[in-house]
Structures are given as C-alpha cells and as structure tokens.
Amino acid sequence: MKLLEMKFPYKGLGFLCLLCASVVNCFSLDREAFTFTSYDLNVRVEPEQHRLGVRGKLTLRNDTPTPQKIAVLQISSSLDWRSIKAADKPLQFLSQPYTSDIDHTGALSEAIVTLPQAIAPKGTIELEIAYEGVILLDATRLTRIGTPEETANNTDWDQIGPASSAVRGAGYVAWYPIATDVANLSEENSLPEVLERWKTRESATKMHLRIGVSRDDGEPAQPLVVNQASCQVLYEQMGRSSHSSADCTYQPLGSRIPVFAVANYGFIERPSIEVYNLATHAVAAESYATAAEKIVSLITEWFGKAHEKARTIDLPDPRAAPFESGSFLLTPLSDNDSAAPGLTAAHQLTHAAFVSFRPWIEEGLAHFAQALYVEREKGRPAAVEYLTAHAAELSEIEIPTAVPRSEDKVNRSLVNPPNEELYRSKAMCVWWMLRDMVGDAALKKAIAAYRPEQDKEPSYMPRLIAAQTQRDLEWFFDDWVYRDRGLPDFKVESAFSRKTMSGSFMLTITLDNLGTAGAEVPVIVKFTGGEIMRRLEVRAKNKAVIRVEVPAAPQEIVVNDGSVPESDTANNNFKIVEEAK
Ligand SMILES: [Zn+2]
C-alpha cells in the first residue's frame with residue numbers, strides 16, 4: 001500500500017523502482033521497525049545561505065520480533081542524503097520523497113537503506129550519515145489542506161536565514177533523522193499519533209549535538225540558543241571570521257524536541273530569566289523581563305524555587321505562534337504588545353519551577369498559574385472570567401453527552417494519552433476547582449510534596465492531594481482526572497424561603513446536576529442590599545440540598561460563578577417569586 005504513495009521522479013530509475021518494489025515486498029517495509037537509540041551529530045548552520053549540513057552517527061535498534069535487513073531514515077524534503085555508511089563502508093540506499101505532514105514541507109527525503117546484514121531482534125547497528133540542504137520558510141503541509149497562507153506561515157515559522165534562524169525538531173522540521181509512518185494533517189489524529197509513537201520510541205534515546213554557526217563578514221559571532229540549559233556555548237573570533245558553537249546532550253531525548261535559534265539577539269539577564277530579543281524589540285524585552293521578576297514570589301509560593309533559569313527567545317514575525325519546551329519559550333516580543341507579558345511569564349516561570357512528565361499536571365499547573373496571576377492582579381472575578389473563557393472552548397469538545405461516545409472519547413481523560421484541549425483548558429479548571437475545594441495551603445503542600453521520580457502511577461498526584469484533606473475526593477478524580485465524564489449541568493430545582501423568628505430568611509435550595517460529572521459549585525443568593533455565597537457538592541446525575549440564612553428576603557439564586565466548567569449555563573439563574581399569601 002505505502003509503496004504506491006512513493007513517487008519516483010526520474011525515469012531512469014524505473015528499473016530501480018521495480019527492484020525496490022520487490023525488495024520491499026519481500027521484507028515488507030516497516031518504517032518504524034528501528035528505534036534510534038543514540039544520535040551523535042555535528043550540525044553546521046550557514047544563515048547567509050539558509051543552509052544546514054550534518055554529519056554524524058546514529059545507532060539503530062531493531063525493535064521488531066523479526067530480523068531486519070532494511071532501515072528507513074527520514075529527513076526534511078529540503079535536505080538531501082549525501083552518504084550512509086556502516087563500519088566505514090558505503091551502504092546502498094535509495095533516496096525518495098515520502099509524503100508526510102510530520103515535516104513543514106509536507107514531505108521527507110527518505111533513505112531506504114540496505115544494511116550489510118540482517119539485524120536480529122534487539123540487535124543494533126551504527127550508521128555514519130551525512131546530509132545537507134536548506135531550511136526555508138515553508139508551510140506546504142498547511143496550505144495544501146486549505147490553511148490561509150498567512151496563518152500557515154505564522155504556525156510553521158521555522159527557517160534558517162541571515163536575519164534570524166529558529167528551527168524546531170521532530171513534528172516541525174526533520175533536521176535530524178527520524179523514521180515514521182505517514183502522518184496526514186487531513187485526518188484528525190494522524191499527526192499527533194505518529195508523533196506520540198515517535199516520542200515514545202525515543203523516550204530513552206541519547207542525543208549529542210554540536211551545532212556550529214560561522215560568519216566571515218567581520219561581524220561578531222551571533223548568539224546561539226538551544227533548548228537545553230546544560231549546553232556549552234562558545235563564541236570565537238579570528239580575524240574577520242567568527243564562530244558560535246553549542247555542545248549539547250539530551251538524555252533522554254524523550255518528549256523534549258531539540259530546538260535551536262541564532263540571530264543578532266540583544267540579551268537581558270535577570271535573576272529568574274534571560275531574554276534574547278531582536279534589535280527592534282528591546283523595549284518589549286525589558287518589560288517582559290520586568291513582568292517576570294514581579295511574579296517570581298507568586299510562582300515560588302505555589303510551585304517552589306525555580307530549578308533553572310527561564311529563557312525567552314524573540315521571533316521576528318509578530319504573529320508567530322509561540323512555542324514552548326519546558327521553560328524555554330520562543331515567542332514574538334513585539335514592542336506595541338503590552339497585552340499580557342505577566343500572563344505569559346506566569347506560565348513560563350511555572351515550568352522553570354515545576355516539572356512533571358504528565359501533561360495534565362505540568363501544563364495544567366502552568367495554566368492554573370496564569371489564572372492565579374490574573375486573580376492577584378485583578379481579583380477573583382477577573383480570574384473566573386479568564387477560566388470561563390477557557391471553559392467555553394471546553395464545552396465545545398465536551399458536548400456529546402447525549403450521543404453514545406466513540407471508544408476514543410470514552411478512553412480520553414487527563415491521565416490517558418495526551419489531548420491538548422484536555423491537558424490545557426480542562427486541567428486548568430480542575431486545578432482551580434481543587435484549590436477551591438481543599439484550600440490554598442493544602443494544595444500548595446500537595447504540590448510541594450510532588451516528586452517526578454516517584455510519580456509511577458496516575459493516582460500519585462491525586463493521593464498527594466487527598467493526603468492534605470479530610471474530604472473524600474475520589475469521586476472528583478473519577479469524574480475529571482481518571483475518566484473524562486464530560487461536564488456538570490447545574491439547575492436550581494426548587495427554593496423555599498421561610499421567615500425566621502429573628503426576622504431573617506431561611507432559604508432551602510435544591511440543586512440538580514443534570515450533567516455527567518460532579519463538582520462543588522458556588523451558589524450565590526442575592527437579596528436587597530447584598531449577596532451571600534455558599535459552596536455545594538453535587539454529584540453527577542444527582543441532587544443536593546443546602547440551607548442558607550439570608551438577612552433580607554432572597555430575590556435570586558445564581559448557581560456557579562464560572563469557576564466550574566459547565567455544559568449549559570442558560571439554566572443557572574433562579575428568580576424567587578414571593579408567594580402570594
Ligand atoms: Zn506550558
């Protein structure tokens with residue numbers, strides 16, 4: 001099947017094509033047969049020429065139960081294979097374009113390599129490789145499925161160029177070799193699934209990278225930034241030529257996608273953050289660094305001391321989509337955007353302080369920190385509004401409660417394979433609800449007790465939280481964390497008020513949760529001259545009763561201040577009509 005997708009551009013290679021077809025049929029080409037267990041790469045970047053040249057070694061391990069004689073190596077379609085050797089001997093390989101959306105160009109240069117001998121299951125082979133080419137702005141994978149060009153370029157902004165270069169690895173630009181089955185952006189989960197499989201296979205991989213950038217124009221060496229804090233970066237100057245180099249080790253490579261950036265950056269250093277800005281964005285860079293410094297205390301209070309300095313790297317296109325890798329953030333620092341440097345910095349500094357391999361914890365807490373920041377700056381109503389805006393996105397993906405859910409959706413949850421909407425928006429709301437339920441002090445203690453190396457099962461974090469409270473939260477974790485049971489839908493079923501001896505009013509409210517997830521929800525009772533807020537736990541498809549004493553005749557009940565995501569909020573207001581006597 002997959003062979004049909006290959007394009008053989010040269011007529012003269014027709015016979016090779018047949019040859020290949022027979023080889024491939026015999027051995028059935030398995031692109032994901034080998035795991036790349038180690039990379040040792042020398043990367044030469046030439047910004048003036050937009051060029052990238054790589055030489056190095058790869059170790060491949062056969063992770064299938066059968067011997068493998070063919071290995072597949074893939075790089076971006078804008079790069080070309082120069083040589084592939086094993087034990088100093090050139091290997092025969094067929095280089096072909098392979099259509100796949102894992103690369104920004106929408107295609108890969110695939111080398112189908114005939115190995116010197118079949119590699120036994122679990123056996124390894126070391127290959128010496130060389131390839132080169134250019135990395136230009138290219139959003140073909142997006143424009144060919146109809147994404148407007150501008151949006152596509154703001155998303156796939158990777159390129160090497162004289163003014164600035166920024167290039168992300170697997171999933172964006174295959175600037176180091178990978179081996180994956182076809183990823184197709186026009187199929188909903190195809191790319192995320194292919195990428196996830198690749199990252200899983202690379203979860204114990206070691207990558208040693210030496211990146212070098214040279215220039216001969218008499219200008220000083222350009223700052224080179226790589227998303228690995230432990231990189232050794234060197235700058236050398238000899239006559240008119242200058243050289244920047246970085247020596248980096250990723251171990252394990254896992255889900256950290258190697259990224260490098262080089263430009264004539266200005267540099268701002270503060271105790272908690274380093275900002276690399278393009279010349280025209282110096283003012284914005286200053287204000288970003290200042291905003292970050294201002295929130296260090298909030299972040300430390302909640303998530304502990306930073307384990308590394310956050311780094312922010314400027315992108316030239318003011319509309320470029322930000323990209324984060326831990327506390328390393330690539331984002332446009334545009335001068336006229338005073339929108340929310342504090343909001344972005346809150347997220348980034350949380351990553352510098354708190355690490356978990358579980359996205360609902362790591363990303364969820366970083367988004368939660370943004371809501372905490374809004375609350376500190378503008379108060380709870382503004383923070384709740386911020387949450388509500390995100391919850392609105394959520395209710396879109398959580399709608400189909402009435403329709404039987406597909407198996408995919410049934411298995412979807414915060415602790416299961418990552419779903420970005422869930423581990424960002426939903427997880428943020430989950431952390432906020434937990435905070436409202438157990439209180440700041442208890443939640444901070446639970447977060448402080450978290451040790452990533454001890455996180456062996458999904459229930460680890462929930463247990464840390466449960467240990468800080470007397471409340472039973474198992475139902476909450478079941479509905480929101482272990483499973484994705486959709487959203488609650490609250491409604492006041494009835495409300496009766498009775499005047500007391502002292503002249504106040506005793507209001508008895510019955511709340512109905514028509515939804516499929518339980519929650520503790522704020523209930524606000526409005527009366528002439530004020531309002532009273534209480535909280536009530538209402539399990540899924542259940543009712544609960546609360547009695548509230550009100551100083552004057554109650555007029556209206558509002559369920560949910562917006563801090564609990566809900567599928568339908570149209571039924572949340574209840575007017576209390578005075579009963580005719
Ligand atoms: Zn993040």
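What you are looking at is a predicted structure, and each value in this text was computed from that prediction instead of being measured. (Residues numbered from 1 in each chain as written. Predicted model: local features only at pLDDT ≥ 70, side-chain atom pairs only at ≥ 80, totals over all residues. Heavy atoms only, no water.)

Caption draft 1: Broad picture of the state of the cysteines. Applying the stated criterion across every chain, the model contains one disulfide. Note that cysteine 231 is cross-linked by a disulfide to cysteine 248, the S-S spacing being 2.0 Å. Between cysteine 231 and cysteine 248, the S-S torsion sits near 120°, and that sign places the bridge as right-handed. Of this pair, cysteine 231 sits in the loop between β11 (224-226) and β12 (232-238) while cysteine 248 sits in strand β13 (residues 241-250), and the two are 17 residues apart along the sequence. A relative accessible area of 0% places cysteine 248 in the buried class. (Disulfide = S-S within 2.5 Å. Helix = DSSP H or I, 4+ residues; strand = E, 2+ residues; numbered from the N terminus. Buried < 20%, exposed > 50% of the residue type's maximum accessible area, 1.4 Å probe, protein only.)

Caption draft 2: Looking closely at the coordination of the zinc ion. Around the zinc ion, the protein contributes the donor atoms Glu324 (OE), Glu324 (OE), His347 (NE2), His351 (NE2), Glu363 (OE) and Glu363 (OE), at 2.0 to 2.6 Å from the metal centre. Going along the chain, you hit the donors of the zinc ion in the pattern E-x22-H-x3-H-x11-E. Of this pair, glutamate 324 sits in strand β18 (residues 323-325) while glutamate 363 sits in helix α9 (residues 359-378), and the two are 39 residues apart along the sequence. By relative accessible area, glutamate 324 is classed as partly exposed at 23%. Overall, the relative accessible area of 9% leaves glutamate 363 in the buried class. (Donors = N, O, S within 2.8 Å, 3.2 Å for Na, K, Ca; no water.)

Caption draft 3: Seen up close, the sheet that holds strand β3 (residues 68-76). In space, the three strands of this open sheet follow the order β3-β7-β6, with antiparallel pairing throughout. Strand pairing shows two members of the sheet lacking a second neighbour, β3 and β6 (93-99), which therefore form its edges. With direction set aside, neighbouring strand axes in the sheet form an average angle of 30°. Of the pairings in the sheet, the one linking β3 to strand β7 (residues 107-119) comprises eight bridges and is antiparallel in character. Each bridged residue has a counterpart across the sheet, and for isoleucine 75 the counterpart in β7 is serine 109. (Pairing = 2+ DSSP bridges. Axes fitted to C-alpha atoms, helices over the stretch in contact; angles between N-to-C directions.)

Caption draft 4: Main features of the packing of aromatic side chains. Tallied over the full model, the rule gives 19 aromatic pairs. A ring pair is formed by tryptophan 81 and tyrosine 131, whose centres lie 5.3 Å apart and whose planes are at 65°; its orientation type is edge-to-face. Placement of the pair is tryptophan 81 in strand β4 (residues 79-86) and tyrosine 131 in strand β8 (residues 124-134), with a sequence separation of 50 residues. On the basis of an interplanar angle of 50° and a centroid distance of 6.4 Å, the ring pair of phenylalanine 477 and tyrosine 482 is categorised as tilted. (Phe/Tyr/Trp six-rings, centres within 6.5 Å; stacked < 30°, edge-to-face > 60°.)

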